[in-house]
Amino acid sequence: MYKIGVMGDRDSIYGFRSVGLTVFPVDDMNEGIKILRSISEEYAVIFITEKLATEMDSEIQKYKDKTIPAIIPIPGVTGNTGLGMKNVVRSVEQAVGSDILGG
């Protein structure tokens, strides 16, 4: 059975532990890449803070065309950078052929 994990800075992700998700505190990009590679086969969904996702973009792109894991950016405690919404707009545009969300 697949799992759901959350990666990012400690302050941003520890609340997810209370709802049963596995959290992976990450201090820097290199540590994040190692963790992502080690959990990518076991976790179907990996939420990752937008700040970390931006730093790890080249590594995350390697998983873009794979079904598992789905890597989903989420805002961290420092706020929303808009990365998550940009990804949604890009996906919808690719699916329907035009930008229907006005992104």
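What comes next concerns the included structure. (Residues numbered from 1 in each chain as written. Predicted model: local features only at pLDDT ≥ 70, side-chain atom pairs only at ≥ 80, totals over all residues. Heavy atoms only, no water.)

Some remarks on the sheet that holds strand β3 (residues 43-49)
Heads up, the rule is: Here the rule is simple: two strands pair whenever DSSP picks up at least two bridges between them. Elements are defined by DSSP. Helices are runs of H or I of four residues or more, strands are runs of E of two residues or more, and each kind is numbered from the N terminus. Axis definition: a line fitted to C-alpha atoms, limited for helices to the stretch in contact. Angles are taken between N-to-C directions and run from 0 to 180 degrees.
An order of β2-β1-β3-β4 is seen for the 4 strands of this open sheet, with the pairing classed as parallel. With one partner strand each, in any of the chains shown, β2 (22-25) and β4 (70-74) form the two edges of the open sheet. Put simply, the sheet's adjacent strands are angled 25° from each other on average, direction ignored. As defined by bridge partners, β3 adjoins β4 across 5 bridges and the pair is classed as parallel. Looking at β4, one finds that T49 is bridged to I74.

Some points on the environment of I35
We count it as follows: Two residues form a contact once any of their heavy atoms are found within 4.5 Å.
With respect to the secondary-structure elements, I35 resides in helix α2 (residues 29-39). The spatial distance from the C-alpha of I35 to the C-alpha of P25 is 9.5 Å, given a sequence separation of 10 residues. In contact with I35, other than residues within four places in its own chain, are M7, F24, P25 and V26.

What about the nonpolar core?
The cut-off we apply is this: Take the buried Ala, Val, Leu, Ile, Met, Phe, Trp, Tyr and Cys residues and link them wherever side-chain atoms come within 4.5 Å; each set so joined is a nonpolar core. Relative accessible area decides the class of each residue, using a 1.4 Å probe on protein chains only: under 20% of the type maximum gives buried, over 50% gives exposed, and in between gives partly exposed.
In this structure, M7, L36, I39, I48, M56 and I60 are the most contacted members of the largest nonpolar core, which totals 16 residues. At the level of secondary structure, the elements contributing two or more residues to this core comprise α2, β3 and α3 (50-55). The greatest single-element share of this core, amounting to 4 residues, is contributed by α2. Leaving out residues up to four positions away in the same chain, I60 has contacts with L36, I48, A53 and I71. Core analysis: the second largest hydrophobic core is formed by 5 residues, V6, I13, L21 and V23 among them.

Here we look at the packing of aromatic side chains
The following threshold applies: Stacked, tilted and edge-to-face are the three classes assigned to paired rings of Phe, Tyr and Trp, where Trp is represented by its six-membered ring and a pair needs centres within 6.5 Å; plane angles under 30 degrees give stacked, over 60 edge-to-face, the rest tilted.
Per the stated rule, a full pass over the model turns up 1 aromatic pair. Ring centres 5.5 Å apart and planes at 80° place the aromatic pair F24 and Y43 in the edge-to-face group. A residue pair is termed long-range when its members are at least 10 positions apart, and F24 in strand β2 and Y43 in strand β3 qualify at 19 residues. In terms of burial, F24 and Y43 fall into one category: buried.

Some remarks on unusual backbone geometry
Going from I68 to P69, the amide bond is cis rather than trans, its omega being 0°. Following the sequence through the fold, P69 ends up in the loop between α4 (57-61) and β4.

With respect to α2
Side chains that are three or four residues apart share a direction in an α-helix, a result of its 3.6 residues per turn. Threshold: As used here, the arc belongs to the directions running from the helix axis to the C-beta atoms. Under this definition, polar contacts are N or O atom pairs within 3.5 Å; protein pairs additionally need one hydrogen-donor-capable and one acceptor-capable atom, and for neighbouring residues in sequence, both atoms have to be side-chain atoms.
Along α2, the positions that sit buried rather than exposed are G32, I33, I35, L36 and I39. Taken down its axis, α2 places every buried residue within 165° of arc, on the same side. More than 90 degrees from the buried face of α2, the exposed residues found are N30, K34 and S38. The inward-facing, buried residues of α2 abut β1 (3-8), β2, β3, α4 and β4. One side-chain oxygen of the residue at the start of α2 lies 3.0 Å from the amide nitrogen of N30, identifying that residue as D28.

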